[in-house]
Amino acid sequence: MELRWLESFVVVAEELHFARAADRLHLAPSALSAQVRALESHLGVRLIDRGRRTRPALTSAGRLFLEEARLTLAQAARAEAVGRRAGRGELGHAEIAYVASAAFSGVLTDVLSRCTALDTHLTVQVRELETPAQLEALSCGDIDVGFLRWRPEYPAGITATCLLTEDVVLALPKSAPLAAYEAVPAAELRHEQFAAPYFDEEYGCRDHVLEVAQRGGFSPQCAPPVRDFIAALTLVGGGLAVALVPDSLRHVQIPGVAYRPLADVALTTRLVGAYRRGETSPAVRGVIRRLREAAAATITVG
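Residues numbered from 1 in each chain as written. Predicted model: local features only at pLDDT ≥ 70, side-chain atom pairs only at ≥ 80, totals over all residues. Heavy atoms only, no water.

(A) Representation of the nonpolar core within the structure. Core analysis: the biggest nonpolar cluster contains 33 residues, and Val111, Val145, Phe147, Val287 and Leu291 have the highest contact counts within it. Broken down by element, this core gets its largest block of residues, seven residues, from helix H9 (residues 282–301). The contact partners of Val145, leaving out residues within four places of it in the chain, are Glu95, Ile96, Ala97, Leu138, Ala274, Tyr275, Val284, Val287, Ile288 and Leu291. Counting 20 residues, the second largest nonpolar core, distinct from the first, contains Val10, Val11, Ala13 and Ile48. (Core = buried A, V, L, I, M, F, W, Y, C linked by side-chain atoms within 4.5 Å. Buried < 20%, exposed > 50% of the residue type's maximum accessible area, 1.4 Å probe, protein only. Helix = DSSP H or I, 4+ residues; strand = E, 2+ residues; numbered from the N terminus. Contact = heavy atoms within 4.5 Å.)

This is how it looks when you write it as structure tokens:
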């Protein structure tokens, strides 16, 4: 049974006039009549009485069938709309992971708001995950998109889009004498212990510490590695260390922590969105498209 047969029958039932129904459907009357007859033949029942001198009329079977035909056409239209929207990435589900510091940049929430805009029904699940675990999860398909700090290379099949480039600032205890500086010279940090997130596979944080130490002419003292920048700031607030952190972490109000720019070292860090090359899921491609839109908007504003 073809949908076009149902559509033809419904329009004839509404018009009770083959010529007018044919005009609505942009068909020749003979073609319309043939479709209705094909439906009746398929069902083995007459649906419309065709009087020569009277207008067509629905049979009792036709009246019963009309309601079901309308419901079937409506469901088919809904199914087609869902399929098209899913194909455009407006429907579906995606798993997103992020490093803790990404939550304070505004980029992550921007992408999420784009994904949940009024014209889309994408659902996303988000969870915090450190960079090495994100890259592993991307490779094996446990997550679809990751928000993490830039690294010079990524696993095979994974690519990344730069979302935000921001300055690196110094987080230090509010009670420390260095807090009196408007901008802290690198040499003044020679006696400080640096707290930094660190994994064997991760780049960036320790490199920044080494660059500051080189500028200040000293060998850095490093605290035991921590899981993320929030853990590093906790050590800072306790007066146990200083930390080099992305500028967006100024939004984190941990008691006892002050933020100051560096006076003689210009450091930056990049937040990227990572995903699989050649992604096949329309929903995930929709998230990636919105991620790229957010990156373009950040570049435009900058």
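Anyway, onward from the coordinates.
(B) Inspection of the pattern of salt bridges at higher detail. Taken as a whole, this structure holds 16 salt bridges when the rule is applied. Glu15 serves as the salt-bridge partner of Arg20, at 3.3 Å between the closest nitrogen and oxygen. Since its relative accessible area comes to 38%, Arg20 is described here as partly exposed. Residue classification places Glu15 among the buried residues on the basis of a relative accessible area of 18%. (Salt bridge = Lys/Arg side-chain N within 4 Å of Asp/Glu carboxyl O.)

(C) How the structure looks around the packing of aromatic side chains. Considering all chains together, one arrives at one aromatic pair under this definition. Geometrically, the ring pair formed by Phe9 and Phe65 is tilted, given 5.5 Å between the ring centres and 55 degrees between the ring planes. Note that Phe9 is positioned in helix H1 (residues 3–15) and Phe65 in helix H4 (residues 60–87), a separation of 56 residues in sequence. Comparing Phe9 with Phe65, the two get one shared label, buried. The ring of Trp150 is capped by Arg270, whose NZ or CZ atom sits 4.2 Å from the centre of that ring. (Phe/Tyr/Trp six-rings, centres within 6.5 Å; stacked < 30°, edge-to-face > 60°. Lys NZ or Arg CZ within 6 Å of the ring centre and 35° of its normal.)

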